[in-house]
Amino acid sequence: MKRSVARSFGRSAPQYDDYAIVQREAAEQIIQVLASHQRPVDRLLDIGCGTGRLTRAATRYANQTIAADIAPGMLLHSRDNDDQGAISGFVRTDVEALG
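Within each chain, residue numbers correspond to sequence positions counted from 1 in written order. Only residues with pLDDT of at least 70 are given local features in this predicted model, and only at 80 or more are side-chain atom pairs given and counted; all residues enter the totals for whole chains, interfaces and linings. Side-chain numbers here rest on the full set of heavy atoms in the structure, without hydrogens or water.

Colleague: So what's going on with a positive patch on the surface? Which residues, and what values?
Modeller: Like-charged residues are merged into a patch within 9 Å and nonpolar side chains (Val, Leu, Ile, Met, Phe, Trp, Tyr) within 5 Å, provided each residue has over 30% relative accessible area and no salt bridge. For the area figures, the Shrake-Rupley method with a 1.4 Å probe applies, and any residue is considered shielded solely by the protein chains shown. Here a salt bridge means any side-chain nitrogen of Lys or Arg lying within 4 Å of a carboxyl oxygen belonging to Asp or Glu. A positive count includes Lys and Arg, and a negative count includes Asp and Glu. His and the chain ends are not counted in either. Charged groups are reduced to one reference atom each: NZ for lysine, CZ for arginine, CG for aspartic acid, CD for glutamic acid. On the surface, Arg3, Arg7, Arg11 and Arg92 cluster together to form a positively charged patch. The helix and strand labels rest on DSSP assignments: H or I over at least four residues marks a helix, E over at least two residues marks a strand, and numbering proceeds from the N terminus. In terms of residue count, the dominant contributor to the positive patch is helix H1 (residues 2-19) (3 residues). Within the element layout of this structure, Arg7 appears in helix H1.

Spelled out as structure tokens, the structure:
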């Protein structure tokens, strides 16, 4: 089941941001919280990073930012979108495997 979900999200990666309205709104709220801190957080792990939109925006508020997703296609798209090289690392993982 998880492989099927990962493949499906991977195939949708090129168009994902066009339709991910709820995710975009949530990301904007997360960025507002990060921006309200006086100092950058040490590490930020974006679980389910998708295309990396939130991950890239969060790099201004974290010393180290890691993008993680179960879908290889999403991670590839996230890496391709990181044209500034601001994201510290990319990890393919299942959130349930993190413990």
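Colleague: Please provide a residue-by-residue account of the packing of aromatic side chains, values included.
Modeller: Stacked, tilted and edge-to-face are the three classes assigned to paired rings of Phe, Tyr and Trp, where Trp is represented by its six-membered ring and a pair needs centres within 6.5 Å; plane angles under 30 degrees give stacked, over 60 edge-to-face, the rest tilted. This model, assessed by the stated rule, comprises 1 aromatic pair. Here the aromatic rings of Phe9 and Tyr16 are separated by 6.1 Å at their centres, their planes lie at 55°, and the arrangement is tilted. Overall, Phe9 belongs to the partly exposed group, its relative accessible area being 37%. When a residue's accessible area, from a 1.4 Å probe over protein chains only, is under 20% of the maximum for its type it is buried; when over 50% it is exposed; and in between it is partly exposed.

Colleague: Describe a nonpolar patch on the surface, listing the residues and the values that go with them.
Modeller: Residues Leu45, Ile47, Val95 and Leu98 make up a contiguous nonpolar surface patch of about 350 Å² in total accessible area. The topology assignment puts Val95 in the segment after strand E3 (89-92). Val95 sits in the partly exposed class, given a relative accessible area of 48%.

Colleague: Account for the packing of H1 against helix H4 (residues 72-81), with residues named and values stated.
Modeller: H4 packs onto H1 with a crossing angle of 30° between their chain directions and a minimal axis gap of 6 Å. Classified by the angle their axes make, H1 and H4 are roughly parallel. Where H1 approaches H4, its residues Ala6, Phe9, Gly10, Ser12, Ala13, Pro14 and Tyr16 are matched on the opposing element by Pro72, Gly73, Met74 and His77. Every axis in this analysis is a line fitted to C-alpha atoms, fitted for helices over the stretch in contact. Angles between the N-to-C directions lie between 0 and 180 degrees. For classification purposes, an angle smaller than 35 degrees is called roughly parallel, one larger than 145 roughly antiparallel, one from 65 to 115 roughly perpendicular, and anything else oblique. Here, residues are in contact when the closest pair of their heavy atoms is within 4.5 Å.

Colleague: Lay out the pairing of strand E2 (residues 62-69) in plain terms, naming residues and giving numbers.
Modeller: For E2, the tally of buried residues reaches 6 of 8 residues, placing the bulk of the element in the interior. Two strands are said to pair when DSSP picks up at least two bridges between them. Here 6 bridges tie strand E1 (residues 41-47) to E2, and the two strands are oriented parallel to one another. Bridge assignment links Ile47 to a residue of E2, and that residue is Ala68. For the handedness criterion, the β-α-β arrangement of E1, helix H3 (residues 53-58) and E2 is classed as right-handed. Relative to E3, E2 is paired through 4 bridges, and the arrangement is parallel. Within E3, the residue paired with Ala68 across the bridge is Val91. Traced from E2 through H4 to E3, the parallel crossover comes out right-handed. Here the term right-handed applies to a crossover when the path leading from its first strand over the helix to its second strand runs clockwise, the strands being oriented away from the viewer.

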